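# Coordinate analysis (summary)
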Amino acid sequence: MIETRRRALRLALLLASLLVIYSCVPATVLAQERGIEITEPYKAATIRVQAEFADGLPVHGFGLIVGERDNKYIAVTAAHVLEMDYGSDHAGPAVEPRQIMVEFYYLADRDEPVSARRIAELPVLDVALLELPKLDFEVPFQTHWCDRFEQSENVWYIGRRQRWYVPADRDAGEIVTAAPDPLGRIQVSIDGVEPGSSGAPLIGAYGFLGMIIKATGTSSEVVSADSIRRFVIRQGNPWQRPACLGSAVSDSESGTELPEQGEKALKVFHDRLSSGFKGPPMVVIPEGRFLMGCESDTSCRDVELPRRWVSVDTFAMGKTEVTYLDYDRFTKATGRALPKAFHTIRSSWGGRYTEEWIAQWGWPRVEIRGLHPVTDVSWHDAVAYANWLTEETGFRYRVPSEAEWEYATRAGTDTKYWTGDCIDTDKANFDGRHRSYECDAGAGELRGRTVEAGSLSANPWGLYEVTGNVSEWVADCWHRDYNGAPEDARPWLEDAGGDCEKRVIRGGYYRSKPFYIRSADRSPLEVSKKSGFRVARDL
């Protein structure tokens, strides 16, 4: 009995000692071990990308092989790794890499990088596809991708500037939100993501979660694996990784109102033209549902009624109205005539011209081009420009529908203007000498001409001069009211008596009174007449 007690005591002391020793093991060591275990299966498919330019230092990044075709591998990486842009938004073309070199994990100890080529890109998600030669080892495709995850789930990434093939040997990061945003991006809190880690695969407990495209401090932006997968497949390339093993959290539910994660615009991007110049700046607009039409029984016109709920899918909208700078590039490429760009000055500050001067010489006229919105464009011209952008970029551009236009203009608001029931000329370019509904006094000045795109305040979703400045074409044929109108955002054409020789214009212009720049205001215009416009783009 005594011996039994002694043995029990010795065993208890041994267990206590082991517990003390285990408790002294730093949590970081345990995290590192878990990270190595989770990421090990993905090492063989991870690549290091180096884009070499004739001018400037090489740009480094990472990527992941996701499929195989015609005895070659298909890999994803961050698009900005393959591009060096020396210009501002519209200053000049991007510099293409002289060559793209790739290193594989299994060849990391040998100085044998291989040449790769870019075969597709999606700038709005900062994702690009590469085609790589298949070498003398197999990439395991049995590892999983997963677009379902839990908030605060631990994650690790593969990608380091030094010893790049070693997985993240540090504390685990964690998912910040419970679901991707409407564009399919994930916010991650993770320390120490070093410069040069763009394109690094992010791995969670259930599989490949996505690819890092941006890191600032402890915050990283990741494109979800599901968004990457859809892009790869739409480009006609194989995706050979199995689906998610499973997760405790289901996909986010779609509400009948604006999704919570879409309360502001998601991202501004440019597509590249074949010439290398940037296309017009585009803003991603989140999906949602809104009441379209006039907000008040006392200030409505029949053409703005009856009010109805309309559902809108995610799309991209021009950050500004199309400018002369962008449109002139189209006319020079296609041989079309340059649009006129003159304004007659008739504003409050034009009083310095005397009545005698005006009687003899007429109102003064000034030529305006550059970043001013194009104003001398027919509906067919606007459609031709959008079709040209489609050919140049490979993505579908178009004139927005009337529902898309009002949805983007309102930007989640339900008032006469996106600013509320009053608006002034600090926010929009219109005839501000008139009262604006409940406002007690005039709303400001009359400029008498357009302002440059992006000069005034943006609405809550990042769209500039969507109210006033220049009236904007939309795709819809003219209807005298909304009876029979669709409950989704597709253009309303000939059905229900639509007159397609006239199209709808929206937003008012620099001489409009406040009533005609309301979010609900709409007017017909013959397709051969002249106006301005902004473009939309499918995502």
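Above this note sits the structure.
Residues numbered from 1 in each chain as written. Predicted model: local features only at pLDDT ≥ 70, side-chain atom pairs only at ≥ 80, totals over all residues. Heavy atoms only, no water.

## Focus on the sheet that holds strand β4 (residues 99-104)
Taken in spatial order, the six strands of this closed barrel run β1-β2-β3-β6-β5-β4, and their pairing is antiparallel. Across the sheet, the mean angle separating the axes of adjacent strands is 40° when strand polarity is ignored. On top of the sheet, helix α3 (residues 225-234) reaches β2 (59-69), β3 (72-78), β5 (114-122) and β6 (127-133); it is set at about 60° to β6, its chief contact. (Pairing = 2+ DSSP bridges. Helix = DSSP H or I, 4+ residues; strand = E, 2+ residues; numbered from the N terminus. Axes fitted to C-alpha atoms, helices over the stretch in contact; angles between N-to-C directions. Contact = heavy atoms within 4.5 Å.)

## Notes on the side chain of Thr375
Along the polypeptide, Thr375 turns up in the loop between β19 (365-367) and α6 (379-393). Classification of Thr375 by relative accessible area gives buried; the value is 18%. Polar side-chain contacts of Thr375 include one of 3.2 Å to the side chain of Tyr324. (Buried < 20%, exposed > 50% of the residue type's maximum accessible area, 1.4 Å probe, protein only. Polar contact = N/O pair within 3.5 Å; in protein donor to acceptor, adjacent residues only side chain to side chain.)

## Some remarks on the sheet that holds strand β23 (residues 522-526)
Taken together, three strands build an open sheet; the order of strands is β21-β22-β23 and the sheet is antiparallel. Whereas interior strands pair on both sides, the edge strands pair on one side only; in this sheet they are β21 (472-478) and β23. Ignoring which end each strand starts from, the neighbouring axes of this sheet average 45° apart. Bridge analysis of β21 against strand β22 (residues 499-506) gives four bridges, and the strand direction is antiparallel. If you follow Glu472 over to β22, its bridge partner there is Arg506.

## What to know about the packing of aromatic side chains
The full count for this structure, using the stated rule, is 12 aromatic pairs. Between Trp145 and Trp239, the aromatic rings sit 6.2 Å apart at their centres with planes inclined by 90°, giving edge-to-face as the arrangement. Of this pair, Trp145 sits in the loop between β6 and β7 (154-157) while Trp239 is found in the loop between α3 and β13 (268-269), placing the two residues 94 residues apart along the sequence. With 5.1 Å between their ring centres and 65° between their planes, Tyr407 and Trp461 make a pair best called edge-to-face. Here Tyr407, found in helix α7 (residues 402-410), pairs with Trp461, found in the loop between α7 and β21; they are 54 residues apart in sequence, far enough to count as distant. Residue Tyr407 is classed as buried on the basis of its relative accessible area of 4%. By relative accessible area, Trp461 is classed as buried at 0%. Among the aromatic side chains, those forming a connected cluster through ring pairs are Tyr327, Phe330, Tyr385, Trp388 and Phe533. Here the guanidinium or amino end of Arg518 rests over the ring plane of Phe515, the centre of that ring lying 4.1 Å away. (Phe/Tyr/Trp six-rings, centres within 6.5 Å; stacked < 30°, edge-to-face > 60°. Lys NZ or Arg CZ within 6 Å of the ring centre and 35° of its normal.)

## Some words on the state of the cysteines
Overall, the coordinates contain two disulfides when judged by the stated rule. Here Cys294 pairs with Cys300 through a disulfide, and the sulfurs are 2.1 Å apart. Around the S-S axis, the bridge from Cys294 to Cys300 shows a dihedral of about -90° and counts as left-handed. The class of Cys294 is buried, set by a relative accessible area of 3%. The partly exposed category is assigned to Cys300, whose relative accessible area is 23%. Cys477 shares a disulfide with Cys500; S-S distance 1.9 Å. Judged by the sign of its S-S torsion, about 90°, the bond between Cys477 and Cys500 is right-handed. Of this pair, Cys477 sits in strand β21 while Cys500 sits in strand β22, and the two are 23 residues apart along the sequence. A single burial state applies to Cys477 and to Cys500, both of which are buried. (Disulfide = S-S within 2.5 Å.)

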